[in-house]
Amino acid sequence: MQEINQNLAEESGLNITHICLPPDSSEDEIIDEILKLNEDPRIHGLTLQLSIRSFSNKILNALKPDKDVDGVTDVNLGKLVRGDAHECFVSPTAKAVIELLEKSDFIIDGKKVLVVGAHGPLEAALQCLFQRKGAMSMTCPWKTPQLQSKLNEAEIVVMGSPKPNEIPLSWIQPGTTILNCSSDFLSEKHDYGLHNGLTVEDDVGLLAAALRIQNVVNSGRKWLWEQQYRKWKLRCLKLQPLSPVPSDLEISRGQTPKAVDVLAKEIGLLADEIEIYGQSKAKVRLSLLDRLKDQADGKYVLVAGITPTPLGEGKSTVTVGLVQALTAHLHINSFACLRQPSQGPTFGVKGGAAGGGYAQVIPMEEFNLHLTGDIHAITAANNLLAAAIDTRILHESTQTDKALFNRLVPLVNGVREFSSIQLSRLKQLGINKTNPSTLTEEEMTRFARLDIDPTTITWQRVLDTNDRFLRKITIGQSKTEKGFFRQAQFDIAVASEIMAVLALTNSLEDMKIRLGRMVVASDKKGQPVTANDLGVTGALAVLMKDAIKPTLMQTLEGTPVFVHAGPFANIAHGNSSVLADKIALKLVGEDGFVVTEAGFGADIGMEKFFNIKCRASGLVPNVVVLVATVRALKMHGGGPSVTAGVPLKKEYTEENLQLVADGCCNLQKQIQIAQLFGVPVVVALNVFKSDTRAEIDLVCDLAKQSGAFDAVPCYHWSIGGRGSIDLARAVKEAANQRSHFRFLYDVQLPIVEKIRTIAQKVYGAKDIELSPEAQTKIERYTQQGFGNLPVCMAKTHLSLSHEPEKKGVPTGFILPINDVRASIGAGFIYPLVGTMSTMPGLPTRPCFYDIDLDPKTEQVKGLF
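Thresholds, definitions, all that
Residues numbered from 1 in each chain as written. Predicted model: local features only at pLDDT ≥ 70, side-chain atom pairs only at ≥ 80, totals over all residues. Heavy atoms only, no water. Axes fitted to C-alpha atoms, helices over the stretch in contact; angles between N-to-C directions. Helix = DSSP H or I, 4+ residues; strand = E, 2+ residues; numbered from the N terminus. Left-handed = near helix turned anticlockwise from the far one by under 90°. Contact = heavy atoms within 4.5 Å. Nonpolar A, V, L, I, M, F, W, Y, C, P; charged D, E, K, R; others polar. Phe/Tyr/Trp six-rings, centres within 6.5 Å; stacked < 30°, edge-to-face > 60°. Buried < 20%, exposed > 50% of the residue type's maximum accessible area, 1.4 Å probe, protein only. Lys NZ or Arg CZ within 6 Å of the ring centre and 35° of its normal. Salt bridge = Lys/Arg side-chain N within 4 Å of Asp/Glu carboxyl O.

Asker: How should the packing of helix H27 (residues 657-675) against helix H28 (residues 693-705) be read in this particular structure?
Answerer: Geometrically, a packed helix pair is captured by the angle between its two axes and the distance between the axes. It is at 10 Å that the axes of H27 and H28 come closest, and there the two elements cross at 30 degrees. The handedness of the crossing between H27 and H28 comes out as right-handed. Between H27 and H28, the residues in contact are Leu657, Val660, Ala661, Cys664, Leu667 and Ile671 and Ala694, Glu695, Leu698, Val699, Leu702 and Ala703, respectively. Of the residues in the contact of H27 with H28, the class split is eleven nonpolar, no polar and one charged.

Following this line, the structure appears as structure tokens:
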């Protein structure tokens, strides 16, 4: 039988693997082996060749129905009984019996059929198929009473197992058609031809083997078809919006999310492509990109905003509302790609970033807190590198060249060997040797000493907490550090270059290269010192190996969301990961949409999305959705200041068309900024309950007059995706327009000119002014060969200028560049504008006053 299967498989282009278990294998051991094979995507068919005593319902039903090519599971048998044979696998042996009879022009309808000696699934399948052909079928074992009379009456006898010798052939009437399905048909021959009936012996088994192979082929074809683009069969979750709208946390808790493995299957992910965290989160493996490499990408949509108030204007809410509208209401495949929120704002002023109202990611407390630990991994990796820098300086200052070399390349079992990263450093130094004992003294010194200049260290320690007292610190004051102390600082974790690397990388290999080339300082000759030089790259990659995988979650309406990376937009590049976008673009297919969000106003997050993220990814956006609110426009029109935690003045809660009209200058400017990049703009007016119809109409009219493709009021906060259907339709229409995407500047321009281009064309500055420190660093980075990188401006998000209090559209100002840093691994230079801090502080009354835990229910309270 194995030989026949092997030959048929080779003719069909299939591979067969025969797994032979020990004869005394227990039921659980057999099932464990089956379960492993169930989850192997390379296997498209499983057949069991066990002794009768080893068969049990538990073993049979352990088979995945999609791979059960013998049709033995209850699922496949049930579909057959219901008449859904086209949706299941039918027993090849039972099917072979019917096909042989029909090919011999034998009329089955009305005939008396006896199935004798068949067991379990084969018996059920034969009886079902015969009955569907109109036959009167009976089944019985060989040892049944009255077997002789039953054989005597039968016009067709199907033998499911070998005939016992004590049953004489004379019991079978002459002219009876006999079919032998016995598994030992090759070794046991019977001469039934004496009875002048149609005798079929070996042909049943041979045809059954061919039909089994055909089932495997069909299974493989089905699997291949499932990998191709198709409209998702997504079960969306129903919303029942309440009025007044409850808190975000209450709404989130009121919806039961789908199990994440169910969601993953709905959107075309394979079981081995996800790593489940709890019930509602899963990491998605990058192998998916290789599997779907030939699949066309969907449409790419960026959500940006006007210059916001300190309260935020709801870009995340619009992003979620838009995908809920696209998928749950217009039935278009769509994915939201969001950043992971930092705990700094979550416990500080702004709160979480899961969206809000009836347009949010759930469970929102899991989204806003630790999620799958990516930020913790970044913190650990960042601080390991920081520790390596100071430790290396200490050890180099207290050891001779020889002692330092011997400790860096220690004797192990009497032999010194370079590690792979040390061999890489030797190659970089031009030392083409692999045996430590062959290095000259001069080569040992060059290898062992980095000679880091402490005054040039740019790598800071990080913490994912707003802590103003870590903005400037002194490290190394313990006596054990032998007098080596220096001034340093902490940054917020999401400002770490490792976060930027995570967000911009294209693969695990690319991430490792980027981590290795991160510049942490200069040596005393002015040359850059990297993570590779410190020998820490491999360790950083190990700490980041899980963080590189995007996290799958869902919206309130059960549509998919990727949460991955979380760089701030004011002190970093402010966009979620390239990898999340690339995977989502493949999963939605050519007609689908991926909606990603850029932090703060279009002048910051959107500019960096285009000039930095799109350069790194090679992706071209189709549409920009520009989020505005009446509240923010009134502020830009001259309204009173807006402060987090302080009630809004009456100007913001009562109709004031003049303030709105005056403030639309900021909206117009942000539309113009988007148009610099040649991408159509759809304005989404995020409607609050205090907004009047006249204010809403005024904003939409002025937006369209200012060059927006369309302008649409959105009500997703109060009613979910249904409130953004008009926005979804506008985005779909805009995406069909021809894109004229272009970058703002050529990266080959000098660093100063790239900064000036952004300042003048995007912010509206008259010119820039460099501090002496900024000028010195620009010269150093240019001399070190980093002058051709894009620029990532670290600037306040509360104004187009560097002064947060200047609203509307400031002009004629000089933009001060106080410092310039280099994120060489991430691939950009970032100037610090004005008094930007990379470590936020806590206000007088932070959010944590309202956050609590119920010790009985373990439920979180107060998150928003």
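Asker: Would you explain the packing of aromatic side chains in this entry?
Answerer: Here the distance between the centres and the angle between the planes together describe a pair of aromatic rings. By the definition in use, this model includes twelve aromatic pairs. Between Phe335 and Phe562 the ring centres are 4.4 Å apart and the planes differ by 20 degrees, which places this aromatic pair in the stacked class. Highlighted residues: Phe335 in strand S9 (residues 334-338) and Phe562 in strand S21 (residues 560-563), separated in sequence by 227 residues. Each member of the pair, Phe335 as well as Phe562, is classed as buried. Ring geometry for Phe405 against Phe418: centres 6.3 Å apart, planes inclined by 80 degrees, an arrangement best described as edge-to-face. Within this pair, whereas Phe405 is found in helix H16 (residues 401-408), its partner Phe418 is found in the loop between strand S13 (415-416) and helix H17 (420-428), the two being separated by 13 residues in sequence. Taking the relative accessible area as the measure of exposure, Phe418 reaches 9% and is therefore buried. Joined through ring pairs, the aromatic side chains of Tyr300, Phe609, Phe610, Phe677, Phe741 and Phe743 make up one cluster. Lying over the aromatic face of Phe106, Lys111 brings its terminal NZ or CZ to 5.6 Å of the ring centre.

Asker: Looking at this structure, I do not really get the pattern of salt bridges. What am I missing?
Answerer: Pairs can form between side chains of opposite charge once their charged atoms are near each other. This structure, assessed with the given rule, holds 39 salt bridges. Salt-bridge contacts for Asp850 lead to Arg845; the nearest nitrogen and oxygen are separated by 3.1 Å. You can call Asp850 partly exposed: its relative accessible area is 41%. Residue class for Arg845 comes out exposed when judged on its relative accessible area of 52%. If you follow the salt bridges from partner to partner, you end up with Glu275, Arg285, Lys545, Asp546 and Lys549 in one network.

Asker: Would you take a moment to explain the side chain of Arg425 for this structure?
Answerer: Mapped onto the elements of the fold, Arg425 is located in helix H17. Those residues in contact with Arg425, other than ones at most four positions away along the chain, are Arg446, Phe447, Arg449, Leu450 and Asp533.

Asker: Is there a simple way to explain unusual backbone geometry in this structure?
Answerer: Note: most residues except glycine have negative phi, and most peptide bonds are trans. With an omega of 0 degrees, the peptide bond between Ser243 and Pro244 qualifies as cis. As for its placement among the helices and strands, Pro244 is situated in the loop between helix H8 (202-227) and helix H9 (248-253). Following Ile362, the chain continues to Pro363 via a peptide bond in cis, the omega torsion being -10 degrees. If you trace the backbone, Pro363 turns up in the loop between strand S11 (359-362) and helix H14 (364-368). Unlike most non-glycine residues, Asp451 shows phi in positive territory, near 50 degrees. Tracing the chain through its elements places Asp451 in the loop between helix H18 (441-448) and strand S14 (461-463). For Asp451, a relative accessible area of 36% corresponds to the partly exposed category.

By themselves, these observations are geometric and do not establish any function.
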